[in-house]
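# Observations on the model geometry
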Amino acid sequence: MEVSATKVKELMSSTPSEGLVEIRLKDPKRSGTITVRGYSDESGNYRPLVDQNGKERVIKIQRTLNLNMKNVNDRLALAHIQEHPIYIKGSTPILVVVNHEVEANDFVEKKNKESQAMSIIEKLEGEPLRDFARVLLITVNPGSSDKVIKRYLYERATKDPELIINEWESDLRAFKVVIRKGIDKGVFTFRNGRYSFNEELMGTSFEAAVDYLKKNEDLIPSINLLLNK
Amino acid sequence: MKFHQGTYGKETMQSNALSTNLLKYPEIAKTLIRQYPQYSLNYFIDGTSRFAKEELIGENAFRWPIIGRLNRPSTCTGTITGNGVGFSTFTVEFQENYFNPNDAVKFKGGTQAIVIGEPVASSGGYTFTFKLQTNDANALLLAANVAAGLTANTVGSAFPEGSDRGYENHVYPDWYINYIGIARKSKSITGSALTDITWIENNGQRLWYFTDEELMREEFLYQKELDDWYSTSTMDANGNSTVIGIDGKPIVKGDGILRQIDAANIDTYNGTLTEDAITAFLAQLKLNTGNKNSHWMVFTGTAGQVAFHKAMKDLVYPSGNLVYDAAVGQEVEIGVNFTSYNAIGQRLTLVHTPIFDDPNLHGNDIDPVSGYPKESFRMVFLDMGVTNGVANIERKVKGAGGIDRGMIVKYIAGMVNPFDQKSMMAANSRDAFTCEILCESGIIVRNPLACGQLVYA
């Protein structure tokens, strides 16, 4: 079987065009020869394993297979192996794809986000720091120092930097602060899963309460007066 | 073996009850397995004890070593200096520190060189100094033959006269471990069902058991067969169970055959086999094991049998037609059953494995072309041979000092006591007695690399 040059391009379209990828044996001690050839994909369509000339081929894996993404044959091999219904996507995969480029990207992206989240926290002090901690559901006791609160925020930033960034950039942050602070100071009541203000139901979830406040922005000045008492 | 139904009466005594005789003569447990044709694996392991055997162990874990090749290749990093031309020295960096001084090393392309001196640790691994093993001053080592990822291996050693010493390499066996687990089943036989019994006759013995118990026993043995194929270990690398039962106790379970050999030697086919493909796979197994005259038992479902039949038919009758002389007026019976195949000194024998066909288990994944479950195409090549008196595939059963937990069957009397209706003693007040069945065993494949699979993909 031979496929066209267009098909060859299509087959390797899901792979990066640079970097190194390893196909590792999941359990080298128990692995002999794993033969890779054409297979039927999830839709039942036959997917051939071809070389850069479109000619069908077979790959035998006995140890780690190093693939260079600048090499067309290697890209075709990766595209084929990473979708394998038995060796990779089976119930007990026997091969593992280690894409150094993707792993490095993910790592750098995570570290960048961590750094972005850390810089947001670093600048916060006093009441804004406490307000942001409340938004993230960190309990702020009256006697808590800034350092203690910051420490919890930094820990949260290491675990989930995206949450810190999203909450900081959220348009609803000001409303969330008002509600969290209002509950702490008794301006709003939160009982049996219901958020209320002056006996009026704001909602049965935090999001609904935020939505209520957004729709009733005219209440905020009077609420702020109560909060600052 | 014969079966027939009967009624509980004066002939159904404790002395000829199957359960009593199971306790006295444990080999009957194996005889029982033979009565159900769906138990292909258990048939060969427990039923015949011919191709594999059962062995008692006192622990729930079994460890065994396997040693592979006694040497190994070294991997080039691509860092070299010089090329050896004019009998000059050159260096090659390898990831491993495995060569010794005076080793003769063969590179890709066939060039050989002798290691001169000890290696030096370098950024990518270890740098060895070589001189080409040649008498041609123009000979050289091409850089392409020591590119990153290529391997080189020793082909001997070359020492001058009066050398001080030889050098040693160490190879260690790989240790494997598998666990045995407990399987149980029970059935209550009510007072009303008590009178229905089944007689079995085998090897001159006539034994009986309660018919209601039969279904439970049949299901239990079927589950045991499934367990032997499909079980997955619950144990971590430190030998601790990762699954804790509702009573807070760890559940110990070992790997079945398929988990033990899943990466051993595996190839795929799309439902259509050719004699070439079968021979290529046999060649692969031969290449990896180095065995001569191996006999592979190939366990497969109906679809695998059909694919094998077609491959053999195409080999023997490439025209697609069987040629025969039909004598006029005579009844003609045609057709062949291909059950065995020999090539390159290897032999395979096909064994039908009905559990690969089971629609209850594999009904969600059907081959759209043939309508068979994809699992039915699975062909498991097992080396069931015996090397130095040790079977490659063995059932390990918990037991020692006369205790054999391979198949324990007990009756618990309620308002019904199967062997003593007049007894005033009962373990509970139910209008029934309970039959409990337990097995503590596991299966091991000593050398998984001597086995392989052809699977549908």
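In the block above lies the structure referred to throughout.
Residues numbered from 1 in each chain as written. Chains lettered and ligands numbered in written order. Predicted model: local features only at pLDDT ≥ 70, side-chain atom pairs only at ≥ 80, totals over all residues. Heavy atoms only, no water.

On to the sheet that holds strand E2 (residues 33-36) of chain A, then. Across the sheet, eight strands lie side by side as E5(A)-E2(A)-E15(B)-E26(B)-E19(B)-E16(B)-E18(B)-E17(B); this open sheet has mixed pairing. The open sheet terminates on both sides in strands that have one partner only, identified here as strand E5 (59-61) of chain A together with strand E17 (340-343) of chain B. In this sheet, neighbouring strand axes are inclined to one another by 20° on average, regardless of whether the strands run parallel or antiparallel. As defined by bridge partners, strand E16 (residues 295-300) of chain B adjoins strand E19 (residues 379-383) of chain B across five bridges and the pair is classed as antiparallel. For Val298(B), the partnering residue across the bridge sits in E19(B) and is Phe381(B). Those strands touched by helix H7 (residues 302-316) of chain B are strand E15 (265-269), E16, E17, strand E18 (346-352) and E19 of chain B, and its axis lies near 135° from that of E18(B). (Pairing = 2+ DSSP bridges. Helix = DSSP H or I, 4+ residues; strand = E, 2+ residues; numbered from the N terminus. Axes fitted to C-alpha atoms, helices over the stretch in contact; angles between N-to-C directions. Contact = heavy atoms within 4.5 Å.)

Quick look at the layout of surface pockets now. Empty space among the atoms becomes apparent when a probe as large as a water molecule is rolled across them. For the largest pocket, the calculated volume is near 2,100 Å³. Residue lining of the largest pocket: 50 residues in total, with Ser31(A), Gln62(A), Gly68(B), Arg69(B) and Leu449(B) positioned closest to the centre. Going through the elements one at a time, E5 and strand E6 (65-68) of chain A together with strand E3 (61-66), strand E4 (74-81), strand E11 (174-179), helix H6 (275-289), strand E20 (386-387) and strand E21 (390-391) of chain B are the ones with two or more residues in the lining of the largest pocket. Of the residues belonging to the lining of the largest pocket, the class tally is 21 nonpolar, 20 polar and nine charged. In this model, the second largest pocket occupies a volume close to 920 Å³. Along the walls of the second largest pocket sit 34 residues, with Pro85(A), Ile86(A), Gly90(A), Ser91(A) and Arg378(B) positioned nearest its centre. Of all the secondary-structure elements, those providing two or more residues to the lining of the second largest pocket are strand E3 (39-40) of chain A together with helix H4 (211-230), helix H5 (257-261), helix H8 (359-362) and strand E26 (452-456) of chain B. Looking at the lining of the second largest pocket element by element, the count peaks at three residues for E26(B). For the lining of the second largest pocket, the per-class residue count stands at twelve nonpolar, eleven polar and eleven charged. (1 Å grid on protein atoms, 1.4 Å probe; cavity = no way out; pocket = protein on both sides within 12 Å on 5 of 7 lines; lining within 4 Å. Points joined across faces, edges and corners; volume = space filled by probe spheres on them. Nonpolar A, V, L, I, M, F, W, Y, C, P; charged D, E, K, R; others polar.)

With that settled, consider the interface of chain B and chain A. Every contact between the two is made by 24 residues of chain B and, on the other side, 20 residues of chain A. Summed over both sides, the interface between chain B and chain A buries roughly 1,900 Å², with carbon and sulfur atoms accounting for 47% of that surface. When the area that chain B buries against chain A is broken down by residue, the three leading residues are Ala263(B), Ile266(B) and Ala457(B), summing to 25%. Counting the contacts that link chain B with chain A gives two salt bridges. The shortest N-O distance in the salt bridge between Asp267(B) and Arg37(A) comes to 2.7 Å. Along the contact surface separating chain B from chain A lie 16 residue pairs in polar contact (both at pLDDT 80 or more). Those elements that provide at least two residues to the side of chain B that touches chain A are E11, H5, E15, H6 and E26 of chain B. Split into classes, the residues belonging to the side of chain B that touches chain A amount to eleven nonpolar, eight polar and five charged. (Buried area = accessible area lost by both parts, 1.4 Å probe. Salt bridge = Lys/Arg side-chain N within 4 Å of Asp/Glu carboxyl O. Polar contact = N/O pair within 3.5 Å; in protein donor to acceptor, adjacent residues only side chain to side chain.)

All names here are of chain A. Pairing of strand E1 (residues 20-25) with E6 involves four bridges; the strand directions are antiparallel. Of the residues in E6, the one forming a bridge with Ile23 is Leu65. Sheet topology note: the E1/strand E7 (residues 95-99) ladder contains five bridges and is antiparallel. Note on E7: the bridge partner recorded for Ile23 is Val97.

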